[in-house]
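Secondary and tertiary structure notes
Letter by letter, the chains look like this.
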Amino acid sequence: MSATQIDRMWFQAHPRREYRLRRQTPAEVAAWPVQPGPDFDPWCIIRRRDGVMEVFAIKAGSPTDDHDFELGIFFDHLREEAA
């Protein structure tokens, strides 16, 4: 089963959520143009309405919030930085 299929199933199981935060799979990370360093964990945020994914890496062991409000702000920030 692909990560995209699992994301769809996650959103079906969490119908009130607009964003999903999860670690990237090794196959997804392999597609990054620059690999995260050994002290960093690869993550992504998926937006429900259109399936758009933003990827990022944070220092290993850093705390993460899994609340739509914070994820929405961070997602928008990542989109702006990529533009």
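First, a word on what this report is: a plain description of the structure on this page. (Residues numbered from 1 in each chain as written. Predicted model: local features only at pLDDT ≥ 70, side-chain atom pairs only at ≥ 80, totals over all residues. Heavy atoms only, no water.)

So, helix α1 (residues 3-13)
Inspection of α1 places Ala3, Asp7, Trp10 and Phe11 among the buried residues, and these make up the whole buried set. Viewed along the axis of α1, the buried residues span an arc of 95 degrees, placing them on a single side of the element. The exposed residues of α1 that point more than 90 degrees off its buried face are Arg8, Gln12 and Ala13. Elements that come into contact with the buried residues of α1 comprise β1 (19-23), α2 (26-30), β2 (40-47) and β3 (53-59). (Buried < 20%, exposed > 50% of the residue type's maximum accessible area, 1.4 Å probe, protein only. Helix = DSSP H or I, 4+ residues; strand = E, 2+ residues; numbered from the N terminus. Arc of directions from axis to C-beta. Contact = heavy atoms within 4.5 Å.)

Concerning the pattern of salt bridges
Counted under the stated rule, the structure contains nine salt bridges. For Asp68, the salt bridge identified is with Arg17, shortest N-O distance 3.0 Å. Of this pair, Asp68 sits in helix α3 (residues 68-82) while Arg17 sits in the loop between α1 and β1; the two residues are 51 residues apart in sequence, bridging distant segments of the chain. Under the relative-accessibility criterion, Arg17 is labelled buried at 18%. The salt bridge partner of Lys59 is Asp39, with a shortest N-O separation of 3.8 Å. Taken together, the residues span a long stretch of sequence, with Lys59 in strand β3 and Asp39 in the loop between α2 and β2 at a distance of 20 residues. Among the residues examined, Lys59 registers a relative accessible area of 43% and is labelled partly exposed. (Salt bridge = Lys/Arg side-chain N within 4 Å of Asp/Glu carboxyl O.)

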